Amino acid sequence: SSRFGKFIELQFRVEGGMVKGAVGAVGSNSRLCGARIQTYLLEKVRVCDQQEGERNYHVFYEACAAAASLAAGTKEYHFPSILKKDKIKYEMDINIEGFAELTNFAYLTRSSCKTLKDVNDVEFFERRIHAMQTIGISKDDMGQVFNVIAAVLNLGNTKFDAPPNNSEGSMVMP
């Protein structure tokens, strides 16, 4: 179904044991020994509305948690802050202007589910950045991706109303 996406984690066995989902483990001394498939619902309507008890797209919560972890007035997130430096490709600062505490966004307050048990959204934000680095997405492109995500969240706070004397038109409310 086009409503669903799949993430496939490949597991390799290397000399000395199994490295689950290891980046760069492939080579002459490794063999594919397993896989895990996670299915994700990709309905566009989920951006605007969620059922009670469900969260919106995880990246929204992750980026908001990263922004909320910064000192007041700071717009740059230093990566990595949680992951070990020897496990990433390179350190970088990411501009996350446009993100804030998740309660500031209408799209993230339509359900009472704000956090997931045993999930640190800032850590998963860093894992997402690491994954983007791993597949070769440049720092500039990452910045553009996060700008678009922030724009979606901020547009969700826009309210419209009919202008005076024109019930068929609409205008942005102040």
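Everything that follows concerns the structure shown earlier in this document.
Nothing here was measured: the structure is a model prediction, and the numbers come from that model.

## Digging into the packing of helix H2 (residues 58-68) against helix H3 (residues 121-134)
Right, on to step 1. One way to put it is that H2 packs onto H3 with a least axis distance of 8 Å and a crossing angle of 110 degrees. Classed by the angle they form, the pair H2 and H3 counts as roughly perpendicular. Here His58, Val59, Tyr61, Glu62, Ala63, Ala65 and Ala66 of H2 lie close against H3, whose contacting residues are Asp121, Val122, Phe124, Phe125 and Arg128.
Right, on to step 2. Its residues assigned to classes, the contact of H2 with H3 shows 8 nonpolar, 1 polar and 3 charged.

## Re the pattern of salt bridges
Right, on to step 1. This model, assessed by the stated rule, comprises 5 salt bridges.
Right, on to step 2. Across the salt bridge formed by arginine 128 and glutamate 62, the nearest N and O atoms sit 2.6 Å from each other. Highlighted residues: arginine 128 in helix H3 and glutamate 62 in helix H2, separated in sequence by 66 residues.

## Remarks on the environment of valine 122
Right, on to step 1. Within the element layout of this structure, valine 122 appears in helix H3.
Right, on to step 2. The spatial distance from the C-alpha of valine 122 to the C-alpha of alanine 66 is 5.1 Å, given a sequence separation of 56 residues.
Right, on to step 3. Once residues within four sequence positions are removed from consideration, valine 122 is found in contact with Ala65, Ala66, Ser69, Tyr77 and Ile82.

## What to know about the environment of threonine 39
Right, on to step 1. Here threonine 39 is to be found in strand E3 (residues 30-41).
Right, on to step 2. In this structure the C-alpha to C-alpha distance between threonine 39 and lysine 6, which are 33 residues apart in sequence, comes to 4.5 Å.

## Details of the pairing of strand E4 (residues 76-79)
Right, on to step 1. Residues Tyr77 and Phe79 point to one face of E4 and are all buried, whereas Glu76 and His78, pointing to the other face, are not buried.
Right, on to step 2. Here 4 bridges tie E4 to strand E5 (residues 92-95), and the two strands are oriented antiparallel to one another. Residue histidine 78 lies in a different strand from E5, and its bridge partner there is aspartate 93.

Calculation criteria
Residues numbered from 1 in each chain as written. Predicted model: local features only at pLDDT ≥ 70, side-chain atom pairs only at ≥ 80, totals over all residues. Heavy atoms only, no water. Axes fitted to C-alpha atoms, helices over the stretch in contact; angles between N-to-C directions. Helix = DSSP H or I, 4+ residues; strand = E, 2+ residues; numbered from the N terminus. Parallel < 35°, antiparallel > 145°, perpendicular 65-115°, else oblique. Contact = heavy atoms within 4.5 Å. Nonpolar A, V, L, I, M, F, W, Y, C, P; charged D, E, K, R; others polar. Salt bridge = Lys/Arg side-chain N within 4 Å of Asp/Glu carboxyl O. Buried < 20%, exposed > 50% of the residue type's maximum accessible area, 1.4 Å probe, protein only. Pairing = 2+ DSSP bridges.

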